[in-house]
Amino acid sequence: MLAVEGLAKVYPTGKKALGGVDIVIDRPQLVAVIGSSGAGKSTFIRCINRLVEPTAGRVLLNGQDIVALDRKGLRAARRRIGMIFQEYNLVERLSVMQNVLSGRLGYVGLLAALRYRFPPQDIQAAFALLDRVGLAGYHDRRADALSGGQRQRVGIARALMQRPDLLLLDEPTASLDPKTSRQIMRLVRELVAERQTPAIINIHDVALARAYADRIIGMKDGLIVFDAEAGSLTEAA
Ligand code: ADP
Ligand code: ADP
């Protein structure tokens, strides 16, 4: 499914944030990347879909090297990678339904559809996803009228509208209270299994990672220092 080989990043400042990282994800699991602030977690996850441009290495998603793609190829590949952010990145003045539909149509397609009409099968899929993430009946609400947990549920539904081959979650619970964080983690864990879609989650809360992830990768100074099934980790890890 996903093979990362020798992924490295040196920022223009000279900071070596990622020192050559290798991982293979060969089944639909929830993989948590943990490590202290500055360890390189965010750089790692962002190099996978080239929100940050890697300096070296390969990212093979179902055999295709994302790092080698030109701009057009990258745009297509990103359609297959759902991204979920700490600050949700919703369009605040649009409705929940419109935000979710943007996952299928993109924002340009969404603007065109707002003036014309939405494909009925997309609307049906969006309603089903809203139901699944616990937001049945919220389709007409504006995004800016929602709580943080509800916004993140919209973010998850939007990502799933892409029918992604891979989900990337960059600190999705860092702005949420502990109870809401656990609800979101449980939902993500269930969706990974239901949709058979692997997910990489960058998370600084080790307890949450241990409770919900299938596998935990520890990073330090831009390198992987451990990589293990969550159940096999001892307290010392
Ligand atoms: P984490 O997500 O684990 O906190 P980051 O990937 O954000 O770590 O950062 C890794 C290292 O790279 C840190 O030392 C950070 O200061 C540095 N860094 C992150 N982004 C940039 C940037 N745009 N330019 C220079 N250095 C950066
Ligand atoms: P987050 O983890 O929320 O993305 P970061 O602290 O990693 O936030 O970075 C915030 C912004 O500052 C990002 O654009 C990042 O690239 C940049 N940045 C982080 N560390 C450095 C650094 N040492 N030098 C320059 N830019 C940095």
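In this text the structure is predicted, and so the values were computed from the model without any measurement.

(A) Seen up close, the nonpolar core. V100, I156 and I203 are the most contacted members of the largest nonpolar core, which has 47 residues in total. Residue assignment for this core shows that the elements contributing at least two residues are β3 (30-34), α3 (96-115), α4 (120-132), α5 (148-161), β7 (166-170), α6 (178-195), β8 (199-202) and α7 (206-212). In this structure, I203 is in contact with A32, V33, I34, G35, K41, E171, T173, M185, L208 and A209, ignoring residues within four places of it in sequence. In this structure, L2, V4, A77 and F85 belong to the second largest nonpolar core, which totals 29 residues.

(B) Looking closely at the pairing of β3. Burial runs high along β3: five of the five residues are buried. Side chains L30, A32 and I34 project from β3 onto one buried face, and the interleaved V31 and V33 project onto a second face that is buried too. Two elements, β3 and β8, share four bridges in a ladder whose sense is parallel. Bridge assignment links A32 to a residue of β8, and that residue is I201. When β3 meets strand β9 (residues 215-220), the two strands line up parallel, connected through four bridges. In the strand pairing of β9, I34 is matched with G218.

(C) Local environment of the site of ligand 1. Y11, T13, K15, A17, S36, S37, G38, A39, G40, K41, S42 and T43 make up every residue found near ligand 1. G40 is positioned with one of its backbone polar atoms (N or O) 3.0 Å from an oxygen atom of ligand 1. Of the residues that constitute the shell around ligand 1, the class distribution is three nonpolar, seven polar and two charged.

What counts, and at which threshold
Residues numbered from 1 in each chain as written. Chains lettered and ligands numbered in written order. Predicted model: local features only at pLDDT ≥ 70, side-chain atom pairs only at ≥ 80, totals over all residues. Heavy atoms only, no water. Core = buried A, V, L, I, M, F, W, Y, C linked by side-chain atoms within 4.5 Å. Buried < 20%, exposed > 50% of the residue type's maximum accessible area, 1.4 Å probe, protein only. Helix = DSSP H or I, 4+ residues; strand = E, 2+ residues; numbered from the N terminus. Contact = heavy atoms within 4.5 Å. Pairing = 2+ DSSP bridges. Near = heavy atom within 4 Å. Polar contact = N/O pair within 3.5 Å; in protein donor to acceptor, adjacent residues only side chain to side chain. Nonpolar A, V, L, I, M, F, W, Y, C, P; charged D, E, K, R; others polar.

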